[in-house]
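A structural walkthrough
Here is what each chain is made of, one letter per residue.
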Amino acid sequence: MAQSSNIWERKTAIVSTVFFIKQGEVEDTFEIAKILLNDSEDLIHKAVGWMLRAAGDMEPKLQLAFLSEYAHDMPRVMLRYASEHLSKAQKEKLRKL
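All of these numbers come straight from a predicted model, not from anything done at the bench. (Residues numbered from 1 in each chain as written. Predicted model: local features only at pLDDT ≥ 70, side-chain atom pairs only at ≥ 80, totals over all residues. Heavy atoms only, no water.)

1. Digging into a negative patch on the surface
Residues E25, E27, D28 and E59 make up a contiguous surface patch of negative charge. On the basis of relative accessible area, E59 is assigned to the partly exposed category, the value being 32%. (Patch = residues over 30% accessible without salt bridge, like charges linked within 9 Å, V, L, I, M, F, W, Y side chains within 5 Å. Areas by Shrake-Rupley, 256 points an atom, 1.4 Å probe, with all protein chains shown as cover. Salt bridge = Lys/Arg side-chain N within 4 Å of Asp/Glu carboxyl O. Lys, Arg positive; Asp, Glu negative; His and termini not counted. Charge placed at Lys NZ, Arg CZ, Asp CG, Glu CD. Buried < 20%, exposed > 50% of the residue type's maximum accessible area, 1.4 Å probe, protein only.)

Below you can see the structure in the form of structure tokens.
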């Protein structure tokens, strides 16, 4: 679904990972986020950022590793949503990437 031409299917692909995040399983979220990094739709940027933030609430080290690797490729709104719960210093470091 993450590779669908339908925006709603792509959004469903990432948002549906919330179930797994709540179970402590965040790997799928990061894998689907990689697929959607270069999506052209702002709605997808927001959804991916939201799920990355939720995954980071469960596994902050994995979130920081993901953001450190992909922040330079992420749309600004995705990075902003994903880093919302980080410290000011962490956010600034990521924005400079």
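2. Here we look at helix α4 (residues 42-58)
Two residues of an α-helix separated by three or four positions point the same way, owing to the 3.6 residues in each turn. In this model, α4 (17 residues) spans 25 Å end to end at C-alpha, consistent with the 24 Å of a helix rising 1.5 Å per residue. Every buried residue belonging to α4 is among I44, H45, A47, V48, G49, M51, L52, R53, A54, A55 and G56, and all of these are buried. Structurally, α4 contributes buried residues whose contacts are with α1 (7-15), α2 (18-22), α3 (27-36), α5 (60-70) and α6 (76-82). (Helix = DSSP H or I, 4+ residues; strand = E, 2+ residues; numbered from the N terminus. Expected span 1.5 Å × (residues − 1). Contact = heavy atoms within 4.5 Å.)

3. A short note on the packing of α1 against α4
As a packed pair, α1 and α4 sit with axes 9 Å apart at the nearest point and diverge in direction by 5 degrees. Taken together, the axes of α1 and α4 lie roughly parallel to each other. Mapping the contact onto sequence places I7, W8, R10, K11, I14 and V15 in α1 and L43, I44, A47, V48, W50 and M51 in α4. For the contact of α1 with α4, the class distribution of residues is 10 nonpolar, no polar and 2 charged. (Axes fitted to C-alpha atoms, helices over the stretch in contact; angles between N-to-C directions. Parallel < 35°, antiparallel > 145°, perpendicular 65-115°, else oblique. Nonpolar A, V, L, I, M, F, W, Y, C, P; charged D, E, K, R; others polar.)

4. Looking at the packing of aromatic side chains
Each aromatic ring pair is specified by the distance between its two centres and by the angle formed by the two planes. Enumeration over the complete set of coordinates arrives at 3 aromatic pairs. Centre to centre, the rings of F19 and F20 are 5.2 Å apart; their planes meet at 85 degrees, and the pair counts as edge-to-face. Residue F20 is classed as partly exposed on the basis of its relative accessible area of 32%. Ring centres of F66 and Y70 lie 4.7 Å apart, and the angle between their planes is 40 degrees; on these two criteria the pair is classed as tilted. In this pair, F66 and Y70 both sit in helix α5, 4 residues apart, roughly one turn of the helix. Residue classification places F66 among the buried positions, given a relative accessible area of 5%. Through pairs of rings, three or more aromatic residues link up here, namely F30, F66 and Y70. (Phe/Tyr/Trp six-rings, centres within 6.5 Å; stacked < 30°, edge-to-face > 60°.)

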